[in-house]
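Descriptive structure summary
This is what each chain is made of:
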Amino acid sequence: TKEKKRHMGDTKHFCPVSLKENFVLYPGLYEHAAKYQEKIYYFSTSEFRDKFLKNPEEYVSHNEPIQAPPLRVCLLGTHGAGKTTCARQIADKLGIFHIQFEEYLQELILPKTKEKVGPDFDGEPEEDDNKMTILSQELDNFSQTMAKTEAEKSKQEVELTDEEEAIKANLMDNEALPPEVLDNIVLDWWRKEPFRSTGFILDGFPRTLDEAKYLSERGLCPDVAVYIQVEESDVLDRLFPPRLKKWKERQYRKMENKKKLKDLKAKIRV
């Protein structure tokens, strides 16, 4: 074993081309190995091996050791497992960026949607407002005011781009994000500053098998992937109280709306 280690290349079992070009520690494969100056190098693909052999001096160390990339962590777990709480603490302790994936998606479309979208932000209050609107159409003056308001709102609506529509569909209905959309979001965290030299903890990504395959196909290899496993009862204890509070607030608003509508009808009859 010692003899083998002595003859391994500068990047050990990681691909030197991935490290040089993408600043990623991507494990090399035995079937894509090559020898240069009596040292064995392992590559992630046959294309990278061929690239290395054309100009090996570009990928080996000279006067100084090859610089390793910073830590990149993917933190996974079910909704309510406490990923974001843990991620913030880890990021603060290690001095790396914390990226909450779905929150980042919300921020990308928020300038146009004006409010967060998805199951956690949708609608029963809207439904109540719609019911009140329908009922109050009995009142001529009120219905005319509502019609004007709706017309003004429709004029103010901003059209979403195809990419923004894809992000909105993902947040609302779990529609898969196309690779070209992910390219515009994810690649920068591995390849551009300040993330490239600082490192990050990516909270809540990948969420699906397709997203994990996307990372692999793009050569975006995290150094660590952590899955937080918790009991269902713990998740319930964490999520139920705030949701119950929201439900009570909705019920209160609903009662207030009904009372206002009743008062309006009474005034018209008089």
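Residues numbered from 1 in each chain as written. Predicted model: local features only at pLDDT ≥ 70, side-chain atom pairs only at ≥ 80, totals over all residues. Heavy atoms only, no water.

Let us look at helix α5 (residues 101-113). Here α5 is 13 residues long and its end C-alpha atoms lie 18 Å apart, about the 18 Å a rise of 1.5 Å per residue gives. Roughly 30° is the biggest bend found in α5, and it falls at E107, with proline P111 one to four residues downstream. Considered for burial, the residues of α5 that qualify are F101, L105, Q106, I109 and T113. Buried residues along α5 sit in contact with β4 (97-100), α8 (162-173), α9 (179-191) and β5 (200-203). (Helix = DSSP H or I, 4+ residues; strand = E, 2+ residues; numbered from the N terminus. Expected span 1.5 Å × (residues − 1). Bend = angle between axes of the 7 residues up to and from the residue. Buried < 20%, exposed > 50% of the residue type's maximum accessible area, 1.4 Å probe, protein only. Contact = heavy atoms within 4.5 Å.)

The four strands are arranged β4-β5-β3-β6 in an open sheet whose pairing can be described as parallel. Pairing within the sheet leaves two strands with one partner each, and these edge strands are β4 and β6 (224-228). Each strand axis lies, on average, 20° off the axis of its neighbour in the sheet, ignoring direction. Pairing of strand β3 (residues 72-77) with β5, which is carried by four bridges, proceeds in the parallel orientation. (Pairing = 2+ DSSP bridges. Axes fitted to C-alpha atoms, helices over the stretch in contact; angles between N-to-C directions.)

Taken together, the buried positions of helix α11 (residues 209-217) are occupied by E211, Y214 and L215. Buried residues in α11, looked at end-on, bunch into an arc of 95°, giving them a common side. Across from the buried face of α11, at angles greater than 90 degrees, the exposed residues are L209, D210 and E217. In this structure, the buried residues of α11 make contact with α9. (Arc of directions from axis to C-beta.)

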